[in-house]
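As a plain string of letters, each chain reads:
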Amino acid sequence: MDLLDNLTLGFAVAVSPENLFYCFVGTLLGTFIGVLPGIGPTATIAMLLPITYYLSPTASLIMLAGIYYGSQYGGSTTAILVNLPGEVSSSVTALDGYQMAKQGRAGAALAVAAIGSFIAGTIATLLIALFAQPLASMALKFGSPEYFSLIVLGFIASIALANGSVSKALCMIVTGMLFGQIGTDLGTGAYRFTFDVIQLGDGLTIVAVALGIFGVVEVLRNLDTLHEDVPVLAKITSLWPTRRDIAESSGPIFRGTLLGSVLGILPGGGSILSAFSSYALEKRLSMHPEQFGHGAIAGVAGPESANNAGAQTSFIPMLTLGLPSNALMALMIGAMMIQGIAPGPRVMIEQPGLFWGVIASMWVGNAMLVILNLPLVGMWVSLLRIPYVSLFPMIIVFSSVGVFTVQNEVFDVYVLAAFGVIGYAMQKLDCEPAPFLLGFVLGDQLEDHLRRSLSFSDGDPTIFIRQPISAGLLILGAVILAFVAVPMIRRKREEVFIED
Amino acid sequence: MQLNTKDAAAGTMFIGIGLFFAGYAYFNLRLGSPGAMGPGFFPAVLGSLLIVLGTGVVAKSTGVRSSPIGRTSLRGIAMVTLAIIFFGFAVRTLGLVPALAGSTVLAASASNRSTFRGAVLLTVGMTVFCTALFVYALGLPIPTIGPWLRGY
């Protein structure tokens with residue numbers, strides 16, 4: 001069977017010594033930054049992008065992937081033990097997990113979180129393996145109009161699924177696209193918006209932009225509100241959950257995995273959305289909803305499985321279609337481009353070892369993480385004693401060096417500083433950075449497909465509606481947009497009522 | 001009339017950005033026709049779209065109060081930005097080691113919780129670690145001591 005062959009190839013690649021090592025590095029690093037609040041997987045991956053230049057493409061992706069789903073494990077450890085979620089996706093885990101810890105059931109919470117995450121990771125890996133082929137072969141039939149509509153749909157869906165103002169997110173996407181236009185227009189070879197600055201000829205370096213608006217801005221925001229909370233450690237009695245715990249967790253784990261797998265694929269989806277949705281779902285389905293917030297184990301099992309499944313399946317659009325479903329995936333694409341690999345449906349055909357190796361390594365990584373997290377829990381928690389005062393200068397300096405090494409170009413460092421300031425101003429005005437990065441990465445592709453489609457149809461814009469797949473995608477986008485707009489109007493009216 | 005100042009400012013900013021890009025594209029780049037898009041076509045379209053969307057954001061900001069903007073640590077922004085800019089300036093002139101050291105010191109002073117001892121330890125640690133990683137482990141051709149300090 002094809003699937004078996006591919007998985008065999010994948011595992012053979014994944015357990016090679018080099019890839020195993022980098023998988024370990026990735027998951028270790030992921031757990032580390034997952035535990036530490038104030039630094040997340042997006043900024044870390046942006047920081048390590050320059051280093052991936054020196055690794056093989058497979059090892060790079062394996063390591064970066066390990067950082068992402070590893071951070072989901074690490075975040076839950078501190079969420080449960082000290083009520084300090086290391087990652088946003090673990091904030092729901094803290095709700096019931098910390099309560100369980102206060103009741104002396106920290107061990108059970110940690111175990112359920114780790115086991116749920118592992119089961120979710122295994123099933124998600126299988127799902128990726130199952131759906132990759134059909135998705136990619138379908139995508140190979142896509143022409144420019146279909147790609148154009150797909151990207152538009154991706155933009156719309158990523159806004160709709162995020163919280164925050166839809167109209168401002170739309171503005172951020174367009175702004176991102178405009179900044180992405182700076183540089184050379186590949187279609188005509190003309191310089192755009194470069195103002196005779198040579199270094200802008202190739203456009204703004206994505207590592208500098210990404211690190212600026214995610215890494216530097218995060219540091220600046222933390223500096224605004226530095227507070228030194230001495231974490232109160234809850235004691236861990238035994239690591240084993242009771243039989244009742246297992247019974248109460250299996251449903252949530254299964255549902256969380258399913259929910260996370262679906263939500264992870266959607267643009268704008270990923271671990272955060274999956275975790276929050278799972279918590280809401282479990283609370284609604286529970287026979288004892290009043291227990292939620294006071295130590296219901298379903299409130300830990302569901303979200304933890306969901307966030308892991310979501311993190312892994314968010315790789316599917318990137319690996320099969322070359323389309324990032326969130327900012328982090330956009331950076332993964334950056335890593336592939338550094339290696340000279342053009343992401344898209346052809347990757348599966350031209351680089352099967354890379355493709356299936358990365359997928360198989362996700363399972364290997366999950367196994368490593370269970371071993372890393374459970375026995376070594378004490379060590380991870382003691383890391384929380386690193387004061388942020390020492391941590392943030394390291395982040396700033398490391399980012400500066402990293403950005404410089406991408407092209408040995410001083411200008412890039414100045415771009416980093418600029419986007420730190422710009423990104424900070426944006427965030428102060430409640431504008432989301434993720435849509436900006438998505439627009440920045442995908443803008444040129446969108447233009448390219450628009451140009452080709454219109455030149456093919458001699459300037460006729462109805463080509464996007466005449467081709468059935470493209471039309472379907474656009475209609476879906478319009479429906480989603482309508483869904484989001486209508487409640488907003490309703491809410492606005494409510495607000496006005498309250499003001500009166 | 002109440003104004004959500006944050007949204008109003010954001011909307012105005014977007015309008016400004018849209019005007020800038022669309023204007024530049026219209027005056028300096030060839031627009032072409034839809035069937036044969038020139039380099040200025042897409043930016044002009046995007047810029048115009050942004051102007052429209054930005055106006056929408058400003059319009060929606062009327063009649064609603066905004067949430068407070070929160071504390072802003074000017075020292076934080078200034079020192080962090082200075083740290084990054086210093087690194088960019090110093091790495092090719094003074095060399096990697098002075099650039100790392102200066103940058104770390106500047107970054108550390110962004111917080112009023114930094115201690116002198118902590119800053120020194122951090123500086124030494126970061127300088128050693130980054131030099132070891134980038135110059136020796138990864139073999140990057142960055143001079144550790146730059147031309148200005150070498151005396152020629």
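What you are looking at is a predicted structure, and each value in this text was computed from that prediction instead of being measured.

Analysis parameters
Each residue is numbered by its place in its chain's sequence as written, counting from 1. The lettering of chains begins at A and the numbering of ligands begins at 1, in the order of writing. pLDDT decides what is reported in this predicted model: residues at 70 or higher carry local features, side-chain atom pairs at 80 or more are listed and counted, and totals for whole chains, interfaces and linings draw on all residues regardless. As a rule here, side-chain values come from all non-hydrogen atoms in the structure, and water together with hydrogens is ignored. Only DSSP runs of H or I covering at least 4 residues are called helices, and only runs of E covering at least 2 are called strands; the numbering of each starts at the N terminus. We take the radius of gyration over the C-alpha atoms and set the globule estimate at 2.2 Å times the residue count to the 0.38 power. For every residue, the accessible area (1.4 Å probe, protein chains only) is compared with the maximum for its type, and the residue is labelled buried under 20%, exposed over 50%, or partly exposed between those bounds. Two residues qualify as a contact provided that any one of their heavy atoms is within 4.5 Å of a heavy atom in the partner residue. Salt bridge, as used here: a side-chain nitrogen of Lys or Arg that lies within 4 Å of a carboxyl oxygen of Asp or Glu. Pairs of N or O atoms within 3.5 Å make up the polar contacts considered here, provided that, within protein, one atom can donate a hydrogen while the other can accept it, and that residues adjacent in sequence are counted only when both atoms are side-chain atoms. A cavity, in this analysis, means grid points on a 1 Å lattice covering only the protein atoms where a 1.4 Å probe fits yet has no way out; a pocket is instead an open set bounded by protein on both sides within 12 Å along at least five of seven lines, and a residue lines either one if it has an atom within 4 Å of a point. Grid points are joined across faces, edges and corners, and a volume is the space filled by probe spheres set on the points. Ten residues, namely Ala, Val, Leu, Ile, Met, Phe, Trp, Tyr, Cys and Pro, are considered nonpolar, four, namely Asp, Glu, Lys and Arg, are considered charged, and the remaining ones, Gly among them, are considered polar. Multiplying 1.5 Å by the helix residue count minus one yields the expected span of that helix.

> Looking at this structure, I do not really get the overall build of chain B. What am I missing?
If you tally the helices and strands in chain B, you get 6 helices and 2 strands. Ordering the α and β elements of chain B from the N terminus gives α-β-β-α-α-α-α-α. By the compact-globule yardstick of 15 Å for 152 residues, chain B is too spread out, its C-alpha radius of gyration being 24 Å. The principal-axis extent of the C-alpha atoms belonging to chain B is close to 55 × 45 × 25 Å. Buried residues in chain B amount to 45% of all 152 residues. In chain B, the share of contacts with a sequence separation of at least 24, taken over all contacts with a separation of at least 6, comes to 64%.

> What should I look at first to understand the interface of chain B and chain A in this one?
How large an interface is tends to be reported as the accessible area lost when its parts come together. With 70 residues of chain B at the interface, the matching set in chain A holds 71 residues. Run the count over chain B and chain A and you get 2 salt bridges. The residue aspartate 7 of chain B makes a salt bridge to lysine 168 of chain A at a minimum N-O spacing of 2.4 Å. Put simply, chain B and chain A have 8 residue pairs in polar contact (both at pLDDT 80 or more) between them. At 12 residues, helix 3 (residues 74-93) of chain B tops the list of elements feeding residues into the side of chain B that touches chain A.

> Explain the layout of surface pockets to me, please; I cannot follow it from the model alone.
One way to see where empty space is left: roll a probe the size of a water molecule over the atoms. All names here are of chain A. Its volume calculated, the second largest pocket comes out at about 1300 Å³. Around the second largest pocket, the lining is made up of 45 residues, and of these Leu186, Met337, Val441, Asp444 and Gln445 lie nearest the centre. Going through the elements one at a time, helix 6 (106-140), helix 8 (166-181), strand 1 (183-184), helix 9 (206-224), helix 14 (327-338), helix 18 (388-407) and helix 20 (433-456) are the ones with two or more residues in the lining of the second largest pocket. Here the residues of the lining of the second largest pocket sort into 21 nonpolar, 15 polar and 9 charged.

> Would you mind going over unusual backbone geometry with me for this structure?
Negative phi values dominate among residues other than glycine, just as trans dominates among peptide bonds. Residue and element names in this part refer to chain A. With a phi angle near 60°, phenylalanine 193 is a residue other than glycine that sits in the positive phi range. Structurally, phenylalanine 193 is set in the loop between strand 2 (191-192) and helix 9. Residue classification places phenylalanine 193 among the buried positions, given a relative accessible area of 2%.

> Even after reading the chapter, I still don't get helix 3 of chain B, so can you show me in this structure?
One full turn of an α-helix is made of 3.6 residues, so residues set three or four places apart face in the same direction. Spanning 20 residues, helix 3 of chain B covers 28 Å between terminal C-alpha atoms, matching the ideal 28 Å at 1.5 Å per step. Inspection of helix 3 of chain B places Gly76, Ile77, Met79, Val80, Thr81, Ala83, Ile84, Phe87, Gly88, Ala90, Val91 and Thr93 of chain B among the buried residues, and these make up the whole buried set. Residues of helix 3 of chain B that are buried make contact with helix 9, helix 18 and helix 19 (410-428) of chain A together with helix 4 (96-108) and helix 6 (147-150) of chain B. With its phi angle positive at about 105°, glycine 95 of chain B sits one or two positions after the end of helix 3 of chain B.

> Would you mind showing me how to read empty space enclosed by the protein here?
Residues and elements named next belong to chain A. Inspection of every chain in the model, using the stated rule, returns 2 cavities of 30 Å³ or more. One number sums up the size of the largest cavity: a volume of about 70 Å³. Along its surface, the largest cavity is lined by Tyr73, Ser76, Thr77, Leu110, Ala113, Ala114, Ser117, Asn373, Leu374 and Val377. Looking at the lining of the largest cavity, the elements with two or more residues in it are helix 4 (57-82) and helix 6. At 4 residues, helix 6 tops the list of elements feeding residues into the lining of the largest cavity. Here the residues of the lining of the largest cavity are counted per class, giving 6 nonpolar, 4 polar and no charged. Put simply, the second largest cavity is a space of about 60 Å³. Lining the second largest cavity are Met172, Phe179, Ile213, Phe419, Ile422, Gly423, Met426, Pro433 and Phe436. For the lining of the second largest cavity, the secondary-structure elements that each account for two or more residues are helix 8, helix 19 and helix 20. In terms of residue count, the dominant contributor to the lining of the second largest cavity is helix 19 (4 residues).

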